[in-house]
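# Residue-level structural notes
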Amino acid sequence: MGPEERRWRGSPTRREALASLAALVAGSPLLSAQRDPAQRAGHHRIPGFAEMRDIFDFEPVFRANVTQAVYDYTAHGADSEFTMRRNRDAFAWVDIVARPAIAPSAVDTRTTVLGLSLDYPLFVAPTALQSALHPDGEVGMRGAAITAKTPYIISNNSSQPAEKIASSSSAGPVWFQFYPRRSLDESRAMLERVQNAGASAVVVTVDQQATTYERTLHLRNLGGSVRGPLPRQGANARNPYRVGDGRLWYEWSYLDRIRPFIAGPMLVKGILTGEDARLCIEHGAQGVIVSNHGGRSLDYGPSTLEVLPEIVDAVAGRVPVLVDSGFRRGSDVMKALALGANAVCLGRATRWGYAAFGPQGAQRVIEMVQAELVASMAAAGRRSLAELDRSAVVTRFD
Ligand SMILES: Cc1cc2nc3c(=O)[nH]c(=O)nc-3n(C[C@H](O)[C@H](O)[C@H](O)COP(=O)(O)O)c2cc1C
């Protein structure tokens, strides 16, 4: 028998081939998936609290715990989300200068911001509607911030009444974020209520004026809007494209008018140029927060890290400069401090932690960033915030 014949005799018959194919199909997950109502392909194990290693570990757990609409509201930004991505990308354009390391125990991160003595230069940024993340709402998130020794800023759009959040504890400092209201009487009434309840400073947010965010919400199905009418502003003859115009009246003189209603410091949030920072101070601000609302306001604007040095220079030490937008790691915080920020506010990171594991999750997020900041400073040989100057980083923004 020659080789050809041997191969022919050894090859499977048509019957054998069909039988093997049938066995393969019978054992295939595709077929069993049709018998089994439980979905297999999409199954992912959700990691537990003890498995959280850095802030990004909290994001998928947060996502698994909330509805699509709640996820979308937190996760997304304006329009093409270029600025939202750029906020993160910018950290890759700043190198940390390596120096002989020191022991983390030798690192001191204490500072004072507007009369508050802080163990770490961190704040919880004001973010709206925290009851969607956890039933304890803002009061629970504030409790986590207090345990982590970090001041909490109440959002003007909180799900629980601002007074309730402010008066829920006297253990830690609390500030109130305020969206300008046209009526001065309403502005005064709101500011009085929340200051009487314990808010010791007011943050006036001035960005997100002509936001096209409605469009983004529509595309991304926030609140089931693709299946029904949009939950917020509707189209009408005057405003056919539904660009939110409720805040298009803002002017600098408004700050002068509300200043007498604020007993403690007034900060202005949403500043992205040195010129505007100067104007804030001229109009009575005791602090500025460099912010693009986490990329939720004007798309194709710069990241906050890129504009921070210009603003620090313009302010020239007259008032503290806080910054937010994209901060997820202690090394991110260290870069902003080196570029001259006095403190950093954490937005989405705290929401991920809170929705993932409740108050202990939010607390862990803050404490991780604190620990990472210490580790970064130790690795870069910087003992204190005073030693953390621009020589600690090299920027490659151009
Ligand atoms: C879901 C969500 C809601 C927010 N709500 C408010 C708000 O009510 N008032 C405000 O001044 N900023 C609000 N912000 C902006 C934050 O204060 C902060 O500027 C931003 O989250 C920082 O970016 P990051 O989330 O990348 O840290 C919100 C941000 C998010 C993500």
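Scroll up to find the structure this text is about.
A brief look at the structure comes next. What you are looking at is a predicted structure, and each value in this text was computed from that prediction instead of being measured. (Residues numbered from 1 in each chain as written. Predicted model: local features only at pLDDT ≥ 70, side-chain atom pairs only at ≥ 80, totals over all residues.)

Secondary structure assignment for the protein yields 15 helices and 12 strands. Across the 398 residues that make up the protein, the buried fraction comes to 42%. Taking all contacts inside the protein whose residues are at least 6 apart in sequence as the whole, residues at least 24 apart take part in 71%. (Helix = DSSP H or I, 4+ residues; strand = E, 2+ residues; numbered from the N terminus. Buried ≥ 20, exposed ≤ 12 C-beta atoms within 10 Å, placed from the backbone. Contact = placed C-beta atoms within 7 Å.)

Packed helices, taken two at a time, are described by the angle between their axes plus the distance between the axes. Helix 15 (residues 348-379) packs onto helix 14 (residues 330-338) with a crossing angle of 60° between their chain directions and a minimal axis gap of 7 Å. When the axes of helix 14 and helix 15 are compared, the pair comes out oblique. The crossing of helix 14 and helix 15 is right-handed. Contact with helix 14, carried on its side by Gly 330, Ser 331, Val 333 and Met 334, involves Val 369, Ala 371, Glu 372, Leu 373, Ala 375, Ser 376 and Met 377 of helix 15 and no other residues of that element. Residue classes in the contact of helix 14 with helix 15 are distributed as seven nonpolar, three polar and one charged. (Axes fitted to C-alpha atoms, helices over the stretch in contact; angles between N-to-C directions. Parallel < 35°, antiparallel > 145°, perpendicular 65-115°, else oblique. Left-handed = near helix turned anticlockwise from the far one by under 90°. Nonpolar A, V, L, I, M, F, W, Y, C, P; charged D, E, K, R; others polar.)

Attention now goes to the site of the ligand. Within the structure, the ligand sits among 24 residues, and Ser 155, Thr 205, Gly 294, Gly 347 and Arg 348 are positioned closest to it. Of the residues contributing to the shell around the ligand, the split by class is six nonpolar, 14 polar and four charged. (Near = placed C-beta within 6 Å.)

The next point concerns unusual backbone geometry. Of note, Glu 81 is a non-glycine position whose phi angle comes to about 60°, a positive value. Inspection of the secondary structure puts Glu 81 in the loop between helix 5 (68-75) and helix 6 (82-89).

Our focus in this paragraph is helix 2 (residues 14-27). For helix 2, spanning 14 residues, the distance from its first C-alpha to its last is 20 Å, which sits close to the expected 20 Å at 1.5 Å a residue. Burial analysis of helix 2 places just zero of its 14 residues in the buried class, a small minority of the element. (Expected span 1.5 Å × (residues − 1).)

So, about the environment of Pro 260. By the element assignment, Pro 260 lies in the loop between helix 11 (253-258) and strand 8 (266-271). Looking at Pro 260, the number of C-beta atoms within 10 Å reads 10, which means it is exposed. It is 9.0 Å that separates the C-alpha atoms of Pro 260 and Arg 188, two residues lying 72 residues apart in sequence.

It is at 8 Å that the axes of helix 4 (residues 58-65) and helix 15 come closest, and there the two elements cross at 135°. Here helix 4 is positioned oblique relative to helix 15, judged by the angle of their axes. For the pair formed by helix 4 and helix 15, the contact residues are Phe 58, Glu 59, Val 61, Phe 62 and Asn 65 on the first element and Arg 351, Trp 352, Gly 353, Ala 355, Ala 356, Gly 361 and Val 365 on the second. For the contact of helix 4 with helix 15, a count of residues per class yields seven nonpolar, three polar and two charged.

Walk down a regular strand and you will see the side chains alternate between the two sheet faces. Here strand 7 (residues 202-205) shows a buried face lined by Val 202 and Val 204 and a second buried face lined by Val 203 and Thr 205. Both strand 6 (residues 174-178) and strand 7 contribute to a ladder of three bridges, which runs parallel. Considered in strand 7, the bridge of Phe 176 is made with Val 202. Crossover strand 6 to strand 7 through helix 9 (residues 184-196) is right-handed. As paired elements, strand 7 and strand 8 share four bridges and run parallel to each other. If you follow Val 202 over to strand 8, its bridge partner there is Met 266. (Pairing = 2+ DSSP bridges. Right-handed = clockwise from strand over helix to strand, strands pointing away.)

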